[in-house]
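What follows is each chain in one-letter form.
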Amino acid sequence: MLSSPWARFYSNSCCLCCHVRTGTIILGVWYLIINSVVLLILLSALTDPDQYHLTSAELGGEFEFMDDANMCIATAISLLMILICAMATYGAYKQHAAWIIPFFCYQIFDFALNTLVAISVLVYPSTIQDYLRQLPANFPYKEEIMSVNPTCLVVIILLFISIILAFKGYLISCVWNCYRYINGRNNSDVLVYITTNDTAEYRKSQEEC
């Protein structure tokens, strides 16, 4: 019997030996809390701009940090993320597979962005030093980080990004397995319902005969 090559990665359990539905619900709630906190910070910054407004002189650059336009964009993104996380949590709880797809697509997009960052660090390692020079003079441990050997710094950053990518990949597989589990269970329920109806109609027709 032939099976899909992805079937070997399918499992009903995830970290801490909990079910993939439970893991997806916990993940959705966790993202929901984080984005809610970010949204509260952004809203407080919009109501009191002077508290979070940093001038170019404070940053040591020729730009301003989090102006009104960027704040509005960040707020909109936070609202969208809250909606996506809430949909994933509700979909996993109520076993609606389609509601999980937006959160899964976000995970894929986030994983792709982190992969591009890792590739850019590997291909253009000098960009790390350029980025460090652009940091404000009062940035914590800036001098200590810049004093590290550039090759060692690249290796450390790549190792850190690799760990993050491995963790994100595992979370993606957890959400995907939850989607497959719910989708397969719903299809099985529909098949049982159709089979039961067909059997009942057949028996009814036999009795009439």
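Every residue gets a number counted from 1 within its own chain, in the order that chain's sequence is written. Side-chain atom pairs in this predicted model are given and counted only at pLDDT of 80 or more, local residue features only at pLDDT of at least 70, and totals for whole chains, interfaces and linings cover all residues. Side-chain metrics in this entry use all non-hydrogen atoms of the structure; hydrogen atoms and water are not considered.

The name an unreviewed UniProt entry assigns to the protein chain is Lysosomal-associated transmembrane protein 4B, from the organism Otus sunia. UniProt positions are given in the numbering used here, feature names are shortened, and annotations may be inferred rather than shown by experiment. Under the Sequence similarities (unreviewed entry) heading, UniProt states for the protein chain: "Belongs to the LAPTM4/LAPTM5 transporter family."

Turning our eyes to something else, we now look at the side chain of Thr89. Take Thr89: it is sitting in helix H4 (residues 68–94). Among the residues examined, Thr89 registers a relative accessible area of 14% and is labelled buried. Any pair of residues with heavy atoms lying within 4.5 Å of one another is described as a contacting pair. Dropping the residues within four chain positions of it, Thr89 is found in contact with Ile25, Gly28 and Val29. Think of it this way: any DSSP run of H or I at least four residues long counts as a helix, any run of E at least two long counts as a strand, and we number them from the N terminus. Only protein chains enter the accessibility calculation, which uses a 1.4 Å probe; a residue is then buried when its area is under 20% of its type maximum, exposed when over 50%, and partly exposed in between.

It is possible for side chains of opposite charge to pair when their charged atoms get near one another. Salt bridges are counted wherever a side-chain nitrogen of Lys or Arg sits within 4 Å of a carboxyl oxygen of Asp or Glu. Within the structure shown, the criterion is met by 1 salt bridge. Lys168 serves as the salt-bridge partner of Asp110, at 2.5 Å between the closest nitrogen and oxygen. With Asp110 in helix H5 (residues 101–123) and Lys168 in helix H8 (residues 150–208), the pair connects residues that are 58 residues apart, well separated along the chain. By the burial criterion, Asp110 is buried, and Lys168 matches it.

Quick look at the nonpolar core now. The biggest cluster of nonpolar side chains holds 16 residues, and the ones touching the most others in it are Leu27, Ile100, Phe103, Cys178 and Ile182. Looking at this core, the elements that each hand over two or more residues are helix H1 (20–47), H4 and H8. Residues within four places of Ile182 in sequence aside, it is in contact with Arg21, Gly91, Ala92, Gln95, His96, Ala97 and Ile100. Buried Ala, Val, Leu, Ile, Met, Phe, Trp, Tyr and Cys residues that are joined via side-chain atoms within 4.5 Å together make up what is termed a nonpolar core. One finds Val121, Ile128, Leu132 and Leu153 within the second-largest nonpolar core, a separate group that totals 6 residues.

Further remarks concern unusual backbone geometry. The backbone of Gln95 sits at a positive phi, close to 60 degrees, despite the residue not being glycine. Relative to the helices and strands, Gln95 is located in the loop between H4 and H5.

Turning to the UniProt feature "transmembrane region" (unreviewed entry) in the protein chain, a few remarks are in order. According to UniProt, the "transmembrane region" (unreviewed entry) feature falls on residues 29–46, 73–93, 100–125 and 145–167. Each end of residues 145–167 is marked by a C-alpha atom, and these two atoms are 25 Å apart; helix forms 87% of the span and strand 0%.

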